[in-house]
Protein chains: 2
Amino acid sequence: MEAKPKINGGVKDGKQNRSTPAINGPTNPMVTPLLTDLYQFTMAYAYWKAGKHNDRAVFDLYFRRNPFGGEYTVFAGLEECVRFIANFKLSKEEIAFVRECLSPTCEDGFFDYLGGIDCSDVEVYAIAEGSVVFPKVPLMRIEGPVAAVQLLETPFVNLINYASLVTTNAARHRFVAGKSKLLLEFGLRRAQGPDGGIGASRYCYMGGFDATSNCAAGKLFGIPLRGTHSHAFVSSFTGPDEITKKSLKSQDGSRVCKDFVSLTQTWLSKLKRLSLSEGVFGETNQSELAAFVSYALAFPDKFLALVDTYDVMRSGVPNFCAVALALNDMGYKAKGIRLDSGDLAYLSCEARKFFHNVEKEFQVLGFGKTSITASNDLNEETLDALNKQGHEVDSFGIGTYLVTCFAQPALGCVFKLVEINDQPRIKLSEDVSKVSIPCKKRSFRLYGKEGYALVGQRILCRHPFNESKRAYVVPQRVEDLMKCYWPGSAEKKREELPTLEQIRDHCMKQLEHMRTDHMRRLNPTPYKVSVSAKLYEFIHFLWLNEAPVGELQ
Amino acid sequence: MEAKPKINGGVKDGKQNRSTPAINGPTNPMVTPLLTDLYQFTMAYAYWKAGKHNDRAVFDLYFRRNPFGGEYTVFAGLEECVRFIANFKLSKEEIAFVRECLSPTCEDGFFDYLGGIDCSDVEVYAIAEGSVVFPKVPLMRIEGPVAAVQLLETPFVNLINYASLVTTNAARHRFVAGKSKLLLEFGLRRAQGPDGGIGASRYCYMGGFDATSNCAAGKLFGIPLRGTHSHAFVSSFTGPDEITKKSLKSQDGSRVCKDFVSLTQTWLSKLKRLSLSEGVFGETNQSELAAFVSYALAFPDKFLALVDTYDVMRSGVPNFCAVALALNDMGYKAKGIRLDSGDLAYLSCEARKFFHNVEKEFQVLGFGKTSITASNDLNEETLDALNKQGHEVDSFGIGTYLVTCFAQPALGCVFKLVEINDQPRIKLSEDVSKVSIPCKKRSFRLYGKEGYALVGQRILCRHPFNESKRAYVVPQRVEDLMKCYWPGSAEKKREELPTLEQIRDHCMKQLEHMRTDHMRRLNPTPYKVSVSAKLYEFIHFLWLNEAPVGELQ
């Protein structure tokens, strides 16, 4: 980061450029100007009362520490912030409510002023959504009239914090699971509220997941959907006698099997003979078999069975294979099984062995590769453990730990004043890590020879607060990170909002370019963020200037 | 719990009783029938295809373990579930989306059926919202056509899980903080998404908090709001010269102070003489002083200052006192200070000492009792530590750890089939704690002599899965826990939905009646939940019946 020359800092006349197409409001209609802390309104009044409300302020939005003990974070939530400011306007009813909440002594003029606030005079600069980011680097820079920008603090931080946290969490899960596995987000029921669930589905997809179970998110964002059946479906059946419509047309439409139940039973007997010789199972659970047959009759080309309602290897897997083999007779290829309890490493290997035996015994080509999905309370740690133990899982369904970010359920993004009326401001703290970096700044990413993110001029990079940490760097390429997403009254081009797919692609590319030592789960190497020598000197000048001097006795 | 006699289990003709007033939809308009897992729709199709969709099913919603290492949970989220089913209807657009997501082979009749589903034939029984509840006890019992009830699973569990979790978290924070402290929820910016924040505000209030900073929640639910100013407000000022409007009318309207800034400076000089003798401070930060003066001019009757932007004892507290004393001259009583960093125990004690000195030195009655609010990353543990160290904090502002339920960010509520067509169902598992308790059941709370929740008939109570754990109990009073919140087509009275205040009162009473050993933070005593002797026998009969028998070789 370095202090930015004050070219565009002044207040300009005129409204924002309205030639760009209208931007929809936030996904969640509850995201209104009232979704903020009361103190933003009390401060707005105090600014207004002091005649200071239009002072031109610059705020940085950033976080201080990467989540999950890691050394990187994925920035997400920007689109929602842009949608929010593009439609920012307090309704009369909302203003009446604010009036009730403040003091009866507050002057009427303020409420008229409040009703006139929109974001036509606010400028928002940000790093592209889906980018890999690091502590202390401004993710967003918001410039505008101080009272108006303060009203944006809480909603912006709210919209960025969880979005970035859960996207990062998804990226971390993808890193551990490996590129070849199918990752499904199954967290809706355990998410922190309805749009905790909807947000999780969107941002987990952004961070590298392949699909979600959440239909609302599928519809809103076009994310692929996955899902088959639950334990309740299995236990709702009492036995094959329940099945009255037993016929199934073959995949090519040429034949009809009039009694698919009997065909399945026949296969089950054959399997029993096969497996008795290996001592795996005796009588399988007949209500489970009925459930599987019913599901196969409903979705013959999408048969995937949850096999752990009664007993995976004694009942679920043989029942699945019986139905899958019967489907095979009719030209359909079964999709696979899902394991939702027990020792997933062991059970997946046992199931795989069983599938291979079936392929060999009955000459069903490819049956050994039948897909295995696992889905019981998975997280980074259990994925890592499964990898170490060895497993045969092709696809992971991950819920609770992913969407609630169980390992660290909050990211600490803050929104700090760094400049007002062209005067740099600093916030001090007993805790050095909480001292803010003053000034309107520019951020750059420096790339080294290998293409890894690391700036061809020799540059002195300094740790903002540690005098001894500094280095000369000769970057191969320098990327200017901040782009203008909301020009306000500034004569600038507004960056178009990319689609979710585009953001996801950007995110995947960014992650691919990371050095793996920054990404590993245990003791990752910190990515170094520095300030320019000039900014370093300025921070420390300002710090001494603002800190009160004690008197020792 | 005991098996319920099958009086109301049958399907009745006619629609639900429409004489009750209409119920509004869910608070968050994104809570629609699509806010569910895809497999609820695939199962619905499979049930429909098997002609089984109208089989009368009974599902229990319950959790298996109390959160936060505790021995109790507060049940919340019921109102939202009732609002959801009262308005359950898939739109044509939603049905078209479901059709896209399922298989092209799915029959048209199913989508007609789907469009006709409402909850007029579903019955919902539940424990009152705000009640203290325990593992394995059904919080809700949902009866109805199996396909329709399955569609409710995900939204119900989503709406209950976080609500109950965060209400419990709030109750735990209240327990540690003690009754006399003011508890403020300040979590919006760190919550998991927008309605993570709105839900947190509502349910923390339910669980015993006094107020929130979240304006949207204040407006939606009538929760008291609190908030004053941030660090940015303080650092936005550069010095007292900025203040141009300096006059302040006295509280009784009789006098005007033309230069409130000078009055404050005078007080600051007096304070400096006082405190120099104790070596506390030299020059205070003048931009901070300007901010405090401005805030006081805006809200002379509500002056509360954040005192840690530069240095609490060398700047913030003396600046606050100077303004507070100037306000006192004008007949206003300052509210207090907020500490947001550093050693809260030490700083609160030092600030209190300073206030007492001011009271003594300048004869300002009650100044020693000026309120101190603390708000830096507080949680149960830090509250407990503050209590042990001794502190002078009157009010706690709690955010991140409270609203994200940092100590355990998910509650594991499940939705299990316990009966279908009057046939009890059980779900087995390798893990005994995951075996479901079959049958439509009734739940009772048994009260002992002290009035504590514990059932005058001698009753044999048995642990559902541990043969050796059983006891005869002679309760003084027996409470039937489940009430009808949605009668569907059953001829029953629907319980009115209480107001948030009423739920909060109920919750406070329930918590007061708990034995403190069940509530303590470390090693709390488990509250015993039992099944009747008859149900115990039945569970184990069914278990043996459903489990597959292996063949050892």
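Quick caveat: nothing in here was measured; it's all calculated off a predicted structure. (Residues numbered from 1 in each chain as written. Chains lettered and ligands numbered in written order. Predicted model: local features only at pLDDT ≥ 70, side-chain atom pairs only at ≥ 80, totals over all residues. Heavy atoms only, no water.)

**Here we look at the overall build of chain A**
Across its full length, chain A carries 17 helices and 23 strands. In terms of overall dimensions, chain A has C-alpha extents of about 90 × 55 × 55 Å along its principal axes. A total of about 20,700 Å² of accessible surface is found on chain A, and carbon and sulfur atoms cover 49% of it. Charge-centre separation for chain A: the mean point of 68 positive side chains lies 4 Å from the mean point of 63 negative side chains. (Helix = DSSP H or I, 4+ residues; strand = E, 2+ residues; numbered from the N terminus. Areas by Shrake-Rupley, 256 points an atom, 1.4 Å probe, with all protein chains shown as cover. Lys, Arg positive; Asp, Glu negative; His and termini not counted. Charge placed at Lys NZ, Arg CZ, Asp CG, Glu CD.)

**Focus: the side chain of T309 of chain A**
Take T309 of chain A: it is sitting in the loop between β11 (304-306) and α11 (312-329). Look past the residues within four positions of T309 of chain A in its chain and what remains in contact with it is H231, V234 and E288 of chain A together with K427 and L428 of chain B. (Contact = heavy atoms within 4.5 Å.)

**Points about the pairing of strand β6 (residues 140-145) of chain B**
Residue and element names in this part refer to chain B. Judged by how many residues are buried, β6 sits mostly within the fold: 6 of 6 residues are covered. Alignment of strand β2 (residues 56-62) against β6, held across 6 bridges, turns out to be antiparallel. Counterpart to D60 in the pairing with β6 is R141. Relative to β6, strand β4 (residues 123-126) is paired through 4 bridges, and the arrangement is antiparallel. Across the sheet, Y125 pairs through a bridge with R141, a residue of β6. (Buried < 20%, exposed > 50% of the residue type's maximum accessible area, 1.4 Å probe, protein only. Pairing = 2+ DSSP bridges.)

**A short note on helix α3 (residues 92-101) of chain A**
Along α3 of chain A, the residues classified as buried are E94, I95, F97, V98 and C101 of chain A. Buried residues of α3 of chain A fall within an arc of 155° about the axis and therefore sit on the same side. Opposite the packed face of α3 of chain A, turned more than 90 degrees from it, sit the exposed residues K92, E93 and E100 of chain A. For α3 of chain A, the secondary structure elements touched by its buried residues are α1 (38-49) and α4 (108-116) of chain A together with α7 (215-221) of chain B. (Arc of directions from axis to C-beta.)

**Some details on the packing of aromatic side chains**
As enumerated under the stated definition, the model contains 40 aromatic pairs over all chains in all. The interplanar angle of 90° and the centroid separation of 5.1 Å between the aromatic rings of W267 of chain A and F362 of chain A together place this pair among those described as edge-to-face. In this pair, W267 of chain A sits in helix α9 (residues 260-276) while F362 of chain A sits in helix α12 (residues 344-362), placing the two residues 95 residues apart along the sequence. Take W267 of chain A and F362 of chain A: they sit in the same class, and that class is buried. Look at F59 of chain B and F415 of chain B: their rings are 5.0 Å apart centre to centre, the planes differ by 25°, and that puts the pair in the stacked class. Pair noted here: F59 of chain B is in strand β2 and F415 of chain B is in strand β15 (residues 414-420), with a separation of 356 residues, a long-range link. With a relative accessible area of 0%, F59 of chain B lands in the buried category. Three or more aromatic residues joined by ring pairs make a cluster, and in this case those are Y45, Y47, W48, F110, F111 and Y113 of chain A together with F233, F237, Y295 and F299 of chain B. Above the face of the W267 of chain A ring, K270 of chain A is positioned so that its terminal group lies 4.0 Å from the ring centre. (Phe/Tyr/Trp six-rings, centres within 6.5 Å; stacked < 30°, edge-to-face > 60°. Lys NZ or Arg CZ within 6 Å of the ring centre and 35° of its normal.)

**Side note on the interface of chain A and chain B**
In this assembly, 120 residues from chain A lie in contact with 119 residues from chain B. Across the chain A to chain B interface the summed buried area is about 10,200 Å²; carbon plus sulfur atoms make up 59%. In terms of surface lost to chain B, no three residues of chain A exceed M30, R189 and Q192 of chain A, which account for 8% of the buried area on that side. The tally of links between chain A and chain B comes to 8 salt bridges. Across the pair E242 of chain A and K52 of chain B runs a salt bridge, and its minimum N-O distance is 2.5 Å. The interface formed by chain A and chain B contains 44 residue pairs in polar contact (both at pLDDT 80 or more). Element by element, the count of residues in the side of chain A that touches chain B is highest for α1 of chain A, at 11 residues. (Buried area = accessible area lost by both parts, 1.4 Å probe. Salt bridge = Lys/Arg side-chain N within 4 Å of Asp/Glu carboxyl O. Polar contact = N/O pair within 3.5 Å; in protein donor to acceptor, adjacent residues only side chain to side chain.)

**Things to note about the relation of the copies chain A and chain B**
Between chain A and chain B, the superposition needs a rotation of 180° and an axial shift of 0.0 Å, giving an RMSD of 0.0 Å. Here the two chains are linked by the operation of a two-fold rotation axis. Taken together, the interface assignments show that 99% of the residues at the interface of chain A recur at the interface of chain B, consistent with an identical surface on both copies. (Least-squares fit on C-alpha atoms with pLDDT ≥ 70 in both.)

**Details of a positive patch on the surface**
Residues and elements named next belong to chain A. Together, R226, K302, K333 and K335 make up a positively charged patch on the protein surface. Along the polypeptide, K335 turns up in the loop between α11 and β12 (336-339). Relative accessible area serves as the criterion here: at 45%, K335 is assigned to the partly exposed category. (Patch = residues over 30% accessible without salt bridge, like charges linked within 9 Å, V, L, I, M, F, W, Y side chains within 5 Å.)

**Points about the UniProt feature "domain: Nicotinate phosphoribosyltransferase N-terminal" (unreviewed entry) in chain A**
When the UniProt feature table is mapped to this numbering, "domain: Nicotinate phosphoribosyltransferase N-terminal" (unreviewed entry) covers residues 34-161 of chain A. In residues 34-161 of chain A, helix accounts for 44% and strand for 16%; the two terminal C-alpha atoms are 18 Å from one another. (UniProt positions renumbered as here; feature names shortened; annotations may be inferred.)

**Let's talk about the nonpolar core**
With 342 residues, the main nonpolar core has M140, F260 and F320 of chain A together with M140, F260 and F320 of chain B as its most contacted residues. Once you skip the residues sitting within four places of it in the chain, F260 of chain B turns out to touch K246, L248, V293, A296, L297, V323, A326, L327 and M330 of chain B. (Core = buried A, V, L, I, M, F, W, Y, C linked by side-chain atoms within 4.5 Å.)

**What to know about the sheet that holds strand β16 (residues 423-424) of chain A**
All names here are of chain A. Pairing in this open sheet of 6 strands is antiparallel, and the strands run β16-β15-β2-β6-β4-β22 from one edge to the other. Every other strand in the sheet has two partners, leaving β16 and β22 (483-486) as the edge strands with one partner each. As defined by bridge partners, strand β15 (residues 414-420) adjoins β16 across 2 bridges and the pair is classed as antiparallel. Residue E419 lies in a different strand from β16, and its bridge partner there is P424. The sheet strands contacting helix α2 (residues 78-86) are β4 (123-126), β6 (140-145) and β22, and the helix crosses β22 at an angle near 45°. (Axes fitted to C-alpha atoms, helices over the stretch in contact; angles between N-to-C directions.)

**A few points about the domain arrangement of chain A**
We note that the domain assignment places domain 1 (2-170 + 409-443 + 481-528) and domain 2 (228-393) within chain A. Relative to domain 2 of chain A, the C-alpha centre of domain 1 of chain A lies at a distance of 51 Å. (Domains from an automatic or database assignment.)

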